[in-house]
Amino acid sequence: MNDTPKKGWFQRLSAGLSRSSKQMTDQVVATFVKEPLSEASLEQLEEHLLESDLGPAASARIVERFRGLKFGKDAPEREVKEALAEAVAAELSPRQATFDPLSGPKPYVVLFVGVNGSGKTTTLGKIAADLTGKGAKVMIVAGDTFRAAAREQLKVWAERAGADFESRRDGADAAGLAFDAYTKARAEGYDVVLIDTAGRLQNKSALMDELLKIVRVLKKVDPEAPHDTLLVLDATVGRNALAQEQIFGRTAFVTGVVMTKLDGTARGGVLVPVAQASDAPLMLIGVGEGVEDLQPFDARAFSRSLVGLED
Ligand SMILES: Nc1nc2c(ncn2[C@@H]2O[C@H](COP(=O)(O)OP(=O)(O)OP(=O)(O)O)[C@@H](O)[C@H]2O)c(=O)[nH]1
């Protein structure tokens, strides 16, 4: 989230992705270091990429890229990793965009959507802390009015970040809350309004109706709002993240994807098919629970970390 990455930024990303990179590269590297490029080794490569959740389309393209390469008979490990990183980066670079709520209109309204447990609240809290740290006046809105625990958790983040907090009790209309909070934020000169939403998928159509209603009332205040709608997806659920992208991406006017918990999983490769399936670009990734562990998505850095390169 910082303009100038702090020292250790890449190291944190790499540490977070270490389980994925182990899964991804151990076998691939072994394949090509031991034997020269052949149909059999390319087939093995495709298998390993699929096992790493990169999805069939990207895996096939990466194999084609490798087909055109020439490794020496005993290709050094680094050479194979560099080639793989470049191939993954080529897949991801077009799917990268910057999240920058301080460069747009004020107040800049950001809606957070995603299923419960995906890391929505934590992501919102980390963003709030980053923005207040830069001197911004931030309002957090607890749009999940049904769950007292969700409200409490968000309040703790707001206090920690020094952001103001708007909530309503027990099943109050989330759209009404969003409308009032946004109106107040305009009147009181806030820079950013961060709105959490419910994530119950048990009743999908009711949830989507609620999200659409929130969007509609925000547009009554300003037709450009919400200025970003971030879909938060949990990498640990692997290819289920793709299904969630389909559900939310179709209805909620998502403008950016956040992929969390890339540190807790060997399935970080799933970011590739999610980025490619989504109409919205990847903006942020979570590689740990700390505030500094939410990072801007950088296709090149991500790809290098994913294959276990150190820098
Ligand atoms: N390891 C790790 N844990 C994370 C990351 N992001 C979020 N979490 C954890 O994931 C859990 C769920 O995150 P929440 O932010 O509560 O998820 P939510 O989507 O708001 O879910 P509800 O509160 O149930 O609506 C928490 O324990 C977070 O600390 C991450 O990048 N890495």
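Per an unreviewed UniProt entry, the recorded name for the chain is Signal recognition particle receptor FtsY, and the organism is Brevundimonas vesicularis. The UniProt entry for the chain carries the following text under Sequence similarities (unreviewed entry): "Belongs to the GTP-binding SRP family. FtsY subfamily." As stated in UniProt under Subunit (unreviewed entry), the record for the chain gives "Part of the signal recognition particle protein translocation system, which is composed of SRP and FtsY. SRP is a ribonucleoprotein composed of Ffh and a 4.5S RNA molecule."

Participant: Looking at this structure, how should I read the site of the ligand?
Facilitator: The immediate surroundings of the ligand are formed by 18 residues, with Gly117, Thr121, Thr122, Asp263 and Glu289 found nearest. Within the side chain of Asn116, an N or O atom sits 3.1 Å from an oxygen atom of the ligand. Between the ligand and Thr122 there is a distance of 2.5 Å, counted from an oxygen atom to a side-chain nitrogen or oxygen. In isolation the ligand exposes 650 Å². Once the protein is present, 80% of that is buried.

Participant: For this particular structure, what's the right way to read the side chain of Arg304?
Facilitator: Residue placement: Arg304 occurs in helix 12 (residues 299–306). Apart from the residues within four sequence positions on either side, Arg304 is in contact with Phe10, Arg78, Glu82, Ala85, Leu309 and Asp311.

Participant: How should I be thinking about the nonpolar core in this particular structure?
Facilitator: Across soluble globular proteins, you tend to see nonpolar side chains buried next to one another. Phe66 and Met259 are the most contacted members of the largest nonpolar core, which has 77 residues in total. Counting residues per element, this core draws most heavily on helix 9 (residues 204–221), at 8 residues.

Participant: I'm lost on the packing of helix 8 (residues 174–187) against helix 9 in this one. Help?
Facilitator: At a minimum axis distance of 8 Å, the contact between helix 8 and helix 9 shows a crossing angle of 30°. If you check the angle between helix 8 and helix 9, you find them roughly parallel. Once helix 8 is placed against helix 9, the crossing between them reads as right-handed. Across the interface between the two elements, Ala174, Ala175, Ala178, Phe179, Tyr182, Thr183 and Arg186 of helix 8 pack against Glu210, Lys213, Ile214, Val217, Leu218, Lys220 and Val221 of helix 9. Within the contact of helix 8 with helix 9, the residues separate by chemical class into 9 nonpolar, 1 polar and 4 charged.

Participant: Would you mind going over the pattern of salt bridges with me for this structure?
Facilitator: Close approach of charged atoms lets side chains of opposite charge pair. Per the counting criterion, the structure on display carries 18 salt bridges. As a salt-bridge pair, Glu64 and Arg67 come within 3.2 Å of each other at their nearest N and O atoms. Here Glu64 and its partner Arg67 are both found in helix 4 (residues 56–67), 3 residues apart, which amounts to about one turn of the helix. On the accessibility criterion, Arg67 (36% relative accessible area) is partly exposed. The salt bridge partner of Glu210 is Arg200, with a shortest N-O separation of 3.4 Å. Residue Glu210 is found in helix 9, and its partner Arg200 is found in the loop between strand 4 (192–196) and helix 9; the two are separated by 10 residues along the sequence. Given a relative accessible area of 26%, Arg200 falls into the partly exposed group. Here the salt bridges do not stand alone but share partners, grouping Asp144, Arg147, Arg200 and Glu210 into one network.

Each value, and the rule that gives it
Residues numbered from 1 in each chain as written. Predicted model: local features only at pLDDT ≥ 70, side-chain atom pairs only at ≥ 80, totals over all residues. Heavy atoms only, no water. UniProt positions renumbered as here; feature names shortened; annotations may be inferred. Near = heavy atom within 4 Å. Polar contact = N/O pair within 3.5 Å; in protein donor to acceptor, adjacent residues only side chain to side chain. Areas by Shrake-Rupley, 256 points an atom, 1.4 Å probe, with all protein chains shown as cover. Helix = DSSP H or I, 4+ residues; strand = E, 2+ residues; numbered from the N terminus. Contact = heavy atoms within 4.5 Å. Core = buried A, V, L, I, M, F, W, Y, C linked by side-chain atoms within 4.5 Å. Buried < 20%, exposed > 50% of the residue type's maximum accessible area, 1.4 Å probe, protein only. Axes fitted to C-alpha atoms, helices over the stretch in contact; angles between N-to-C directions. Parallel < 35°, antiparallel > 145°, perpendicular 65-115°, else oblique. Left-handed = near helix turned anticlockwise from the far one by under 90°. Nonpolar A, V, L, I, M, F, W, Y, C, P; charged D, E, K, R; others polar. Salt bridge = Lys/Arg side-chain N within 4 Å of Asp/Glu carboxyl O.

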